[in-house]
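Spelled out from the first residue to the last, the chains are:
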Number of protein chains: 2
Amino acid sequence: MADKRENGRSPMGIENSEDDEFGSTSMRTVETLLRLLPMSLCIAALIVMIKNSQTNDFGSLSYSDLGAFRYLVHANGICAGYSLLTAIVAVVPRPSSMPRAWTFFILDQVLTYIILGAGATSTEVIYLAYKGDAAVTWSQACGSFGGFCHKATASITLTFVVTLCYACLSLISSYRLFSKYDPPLSYTPKQTETAAASQG
Amino acid sequence: MADKRENGRSPMGIENSEDDEFGSTSMRTVETLLRLLPMSLCIAALIVMIKNSQTNDFGSLSYSDLGAFRYLVHANGICAGYSLLTAIVAVVPRPSSMPRAWTFFILDQVLTYIILGAGATSTEVIYLAYKGDAAVTWSQACGSFGGFCHKATASITLTFVVTLCYACLSLISSYRLFSKYDPPLSYTPKQTETAAASQG
C-alpha cells in the first residue's frame, strides 16, 4: 500500500514531491504574512476608533460612550498582540508538534470568534446610529455626529477584513492539525484495501 | 516506513485499529446528533422570538421592530433547515468524497459565522435595551417591556448554544476534510526519514 506522503497533496495546491521543503517554506511565508496583515489592520482599526470623538452644539460623543466600541478596541488590541506573537512563532522553522498544532488551532478559532463578535456588535450599533429605531424611541445620531459615524464605520470595516484574514488562518491551522490525523474509515474503497493489507 | 493508517489516531480519541468501522460509526452518530440538537434549538429560538411581542400603556414592541432580531429569526431559520438537511446526509453511510468534505467544511464554517453574528448583534441590542446609552440619548426599554426583554434573552441564549454546537461541527468537518491531506513537511525527523526513503 502506498504511503500517503508519496502521492499526497496539500490543500494549498502544492504537490508533495521532492521539493516539499519549498512547499512548506512558501506555506510558512503565507501564514506569517497572514498574521502580520491583521496585526497592522488591528492597530489601524484600534487607532481610528480610539481617536474617534466629536464635540458640537448637540454635545459630545466618544467611542468610550458605547460598550460595543469599547469591546471593538479591546478585541483589536488582543488580536494585534496575538497576531504579532504568532507571526514570530510561525516564522521560525521548527518541528511542528501536536500540542503546538492544537494550541494554534484553538486560539485561532477563538480569536476568529472574538473579532467577528466585535465586528458584529459594532455594526449593530452603527446601524442603529444611522437609522435609529422608532419603536424603541432610539433616535438616529449620525445626523448630528456624521464625522464620528464615518470614522467608526472605517474602523469596523478594517475589523471585518481582519475577520477574513482570521478565517483563512483558521483554515491553515485546521489543516496543520488535522492532516496529522488519519481520515475516518467508512465504506470507502480505501477501507477494503486496508483490511486486505492487514490480513495479507 | 510505517503507514499512517496503521499506527494512526483520530482526534476523537478512537484508535484506528481493526474495529475502525465502529469508530467511524460512533463518530457519525455523534455528528448526526450534533446536527439534530442545533436544529431543535434553532426552531425553539425562532418560535420564542417570533411570538415575542408586548403591548402596554407605553405602546407596543415586537421582535420585527428591531433589525437584529429579524436577522436572528432568519439566521435560526436557515440554520434549522441546514441542520436537518446535513443530519440526513450525515446519517447515511456512503463514501466520503473530497468535494463533499469541502462542501461540509465551508458551509459549516459559514453557518457558524452567521449564527455567531446573529447572536452577537442581538446581544448588543438587548444590552442597549436593558442599559440604554445616555451619551447617544438611547433610553433603556426593558423597564417598560420586561416580558419582551426576557423572551428575547431566552432566544439569544439558545442561539449561543447553537453556536457552540456549530463550533464543534466545524471541528468535525475540518477533521474529515484535512485528515485526507498530507501534513506539511518541515524540519521534522519525519522529513529526513522521507528523504532517505525516496533516495534509497
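Reading the values: rules and limits
Starting afresh in each chain, residues are numbered from 1 along the sequence in its written order. For this description, chains carry letters from A and ligands carry numbers from 1, given in the order in which they are written. Only residues with pLDDT of at least 70 are given local features in this predicted model, and only at 80 or more are side-chain atom pairs given and counted; all residues enter the totals for whole chains, interfaces and linings. Side-chain measures were taken over the full set of non-hydrogen atoms in the model, leaving aside hydrogen atoms and water. UniProt positions are given in the numbering used here, feature names are shortened, and annotations may be inferred rather than shown by experiment. Labels follow the DSSP assignment, with helices taken as runs of H or I lasting at least four residues and strands as runs of E lasting at least two, numbered in each case from the N terminus. In what follows, salt bridge is the name for a side-chain nitrogen of Lys or Arg lying within 4 Å of a carboxyl oxygen of Asp or Glu. Think of it in three bands: residues with accessible area under 20% of the maximum for their type are buried, residues over 50% are exposed, and the middle band is partly exposed, with areas taken using a 1.4 Å probe on protein chains only. A pair of strands counts as paired when DSSP detects no fewer than two bridges linking them. Every helix has an expected span of 1.5 Å times one less than the residues it contains. Cysteine sulfur atoms are paired as a disulfide whenever they fall within 2.5 Å. Here the term patch refers to residues with relative accessible area over 30% and no salt bridge, with like charges joined within 9 Å and nonpolar side chains (Val, Leu, Ile, Met, Phe, Trp, Tyr) within 5 Å. Exposure was quantified through the Shrake-Rupley algorithm and a 1.4 Å probe, taking into account, for residues, occlusion by the shown protein chains and nothing else. Side-chain rings of Phe, Tyr and Trp, where Trp is taken by its six-membered ring, are said to pair if the distance between their centres is within 6.5 Å; with planes under 30 degrees apart they count as stacked, over 60 as edge-to-face, and otherwise as tilted.

In the nomenclature of an unreviewed UniProt entry, chain A is known as CASP-like protein of Lithospermum erythrorhizon. According to UniProt, the comment filed for chain A under the heading Subunit (unreviewed entry) is "Homodimer and heterodimers." Turning to chain A, the UniProt annotation filed under Sequence similarities (unreviewed entry) states: "Belongs to the Casparian strip membrane proteins (CASP) family."

Draft legend 1. Summary view of the UniProt feature "domain: Casparian strip membrane protein" (unreviewed entry) in chain A. In the UniProt entry, the feature "domain: Casparian strip membrane protein" (unreviewed entry) is given for residues 25-164 of chain A. With 74% helix and 6% strand, residues 25-164 of chain A has end C-alpha atoms that lie 23 Å from one another.

Draft legend 2. Just the pattern of salt bridges, in detail. For the coordinates displayed, the defined rule picks out 6 salt bridges over all chains. Asp 108 of chain A serves as the salt-bridge partner of Arg 35 of chain A, at 2.8 Å between the closest nitrogen and oxygen. With Arg 35 of chain A in helix H1 (residues 20-50) and Asp 108 of chain A in helix H3 (residues 98-131), the pair connects residues that are 73 residues apart, well separated along the chain. As far as the burial class goes, Arg 35 of chain A and Asp 108 of chain A line up, both buried. Ionic pairing is found between Arg 176 of chain B and Glu 31 of chain B, a salt bridge with its closest N-O pair at 2.9 Å. With Arg 176 of chain B in helix H4 (residues 146-178) and Glu 31 of chain B in helix H1 (residues 20-50), this residue pair connects regions lying 145 residues apart in the sequence. A residue is classified by how much of its surface remains accessible, and Arg 176 of chain B, at 15% relative accessible area, is buried. A relative accessible area of 3% means that Glu 31 of chain B is categorised as buried.

Draft legend 3. Molecular detail of the pairing of strand E2 (residues 59-62) of chain A. By the bridge criterion, 4 bridges tie strand E1 (residues 53-56) of chain A to E2 of chain A in an arrangement that is antiparallel. Bridge pairing in E2 of chain A places Gln 54 of chain A opposite Leu 61 of chain A.

Draft legend 4. Region of interest: H3 of chain A. Taking 1.5 Å of rise per residue, the 34 residues of H3 of chain A would be expected to cover 50 Å, and the 49 Å separating its terminal C-alpha atoms lies within 8% of that figure. Positive phi shows up at Gly 132 of chain A, right after H3 of chain A, with a value of about 70 degrees.

Draft legend 5. Structural detail: unusual backbone geometry. Residues and elements named next belong to chain A. Non-glycine residue Thr 137 carries a positive phi angle of around 55 degrees. As for its position among the elements, Thr 137 is in the loop between H3 and helix H4 (146-178). Here Thr 137 falls in the exposed class, since its relative accessible area comes to 54%.

Draft legend 6. Examining the state of the cysteines more closely. Scanning the entire structure with this criterion turns up 2 disulfides over all chains. The residue that forms a disulfide with Cys 142 of chain A is Cys 149 of chain A, at a sulfur-sulfur distance of 1.9 Å. Between Cys 142 of chain A and Cys 149 of chain A, the disulfide has an S-S torsion of -85 degrees and is therefore left-handed. The burial state of Cys 142 of chain A is the same as that of Cys 149 of chain A; both residues are buried. Cys 79 of chain B takes part in no disulfide bond, and the closest cysteine sulfur, belonging to Cys 42 of chain B, lies 3.3 Å away.

Draft legend 7. Here's a closer look at the environment of Ala 101 of chain A. With respect to the helices and strands, Ala 101 of chain A occurs in helix H3. Residues Ala 101 of chain A and Ile 78 of chain A, 23 residues apart in the sequence, show an inter-C-alpha distance of 20 Å.

Draft legend 8. Structural detail: the UniProt feature "transmembrane region" (unreviewed entry) in chain A. Residues and elements named next belong to chain A. The sites that carry the UniProt feature "transmembrane region" (unreviewed entry) are, in the present numbering, residues 33-51, 71-92, 104-130 and 150-172. Regarding residues 33-51, the helix share stands at 95% and the strand share at 0%, and the terminal C-alpha atoms are separated by 27 Å. In residues 104-130, helix accounts for 100% and strand for 0%; the two terminal C-alpha atoms are 38 Å from one another.

Draft legend 9. Spotlight on a nonpolar patch on the surface. Residues and elements named next belong to chain A. Nonpolar side chains collect at one region of the surface, where Leu 33, Leu 36, Leu 84 and Ile 88 lie side by side and expose about 360 Å² of accessible area between them. Elements supplying a minimum of two residues to the nonpolar patch: H1 and helix H2 (67-91). Tracing the backbone shows Leu 36 in helix H1. Judged by relative accessible area, which is 35%, Leu 36 ranks as partly exposed.

Draft legend 10. Structural detail: the packing of aromatic side chains. Evaluation of the coordinates by the stated rule reveals 20 aromatic pairs over all chains. Relative to Tyr 181 of chain A, the ring of Phe 178 of chain A has its centre 6.2 Å away and its plane inclined at 40 degrees; by these criteria the two rings are tilted. Among the residues examined, Tyr 181 of chain A registers a relative accessible area of 6% and is labelled buried. Both rings, one in Tyr 181 of chain A and one in Tyr 175 of chain B, keep their centres 6.4 Å apart while their planes meet at 90 degrees; by these two values the pair is edge-to-face. Taken together, the residues Tyr 181 of chain A in the loop between H4 and helix H5 (189-199) and Tyr 175 of chain B in helix H4 connect one chain to another. For the pair Tyr 181 of chain A and Tyr 175 of chain B, one class covers both residues: buried. Site record: aromatic cluster; members linked through ring pairs are Trp 102, Phe 105, Phe 178 and Tyr 181 of chain A together with Tyr 175 of chain B.

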